[in-house]
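Take a look at the letters that make up each chain.
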Amino acid sequence: MSEDREGNDRAADEEFEARRHDRFGKLPPRVEREEQVETKDTEPAHEEPEEPPVRREWG
């Protein structure tokens with residue numbers, strides 16, 4: 001029984017791959033780790049504004 005499941009999984013994987021290829025075309029080559037660069041934010045993070053007071057806290 002496990003052999004049947006493996007066969008179905010392979011068929012499903014191949015079908016998924018074929019559908020993905022039909023939709024998106026050939027995928028670009030994977031970027032190697034040596035080609036990746038680390039980025040830094042140049043602007044400080046935006047601070048969230050304070051929550052407005054709730055009406056029941058006013059009085």
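Visitor: Would you take a moment to explain the overall build of the protein chain for this structure?
Guide: Within the protein chain, the secondary structure is distributed over two helices and zero strands. A buried classification covers 0% of the 59 residues belonging to the protein chain. For the protein chain, the accessible surface area stands at approximately 7300 Å², while carbon and sulfur atoms represent 47% of it.

Visitor: Help me understand a negative patch on the surface, please; the structure alone is not making it clear to me.
Guide: A cluster of acidic side chains, namely Asp 9, Asp 13, Glu 14 and Glu 17, defines a negative patch on the protein surface. Of note, Glu 14 is situated in helix H1 (residues 2–24). By relative accessible area, which is 56% here, Glu 14 ends up exposed.

Visitor: Explain the pattern of salt bridges to me, please; I cannot follow it from the model alone.
Guide: Should their charged atoms come close, side chains of opposite charge can pair. All chains considered together, the criterion is met by one salt bridge. Among the ionic pairs, Arg 19 bridges to Glu 15, the shortest N-O distance being 2.8 Å. With Arg 19 and Glu 15 both in helix H1 and four residues apart, the pair spans about one turn of that helix. When its relative accessible area of 57% is taken as the criterion, Arg 19 is described as exposed.

Rules of the game
- Residues numbered from 1 in each chain as written.
- Predicted model: local features only at pLDDT ≥ 70, side-chain atom pairs only at ≥ 80, totals over all residues.
- Heavy atoms only, no water.
- Helix = DSSP H or I, 4+ residues; strand = E, 2+ residues; numbered from the N terminus.
- Buried < 20%, exposed > 50% of the residue type's maximum accessible area, 1.4 Å probe, protein only.
- Areas by Shrake-Rupley, 256 points an atom, 1.4 Å probe, with all protein chains shown as cover.
- Patch = residues over 30% accessible without salt bridge, like charges linked within 9 Å, V, L, I, M, F, W, Y side chains within 5 Å.
- Salt bridge = Lys/Arg side-chain N within 4 Å of Asp/Glu carboxyl O.
- Lys, Arg positive; Asp, Glu negative; His and termini not counted.
- Charge placed at Lys NZ, Arg CZ, Asp CG, Glu CD.

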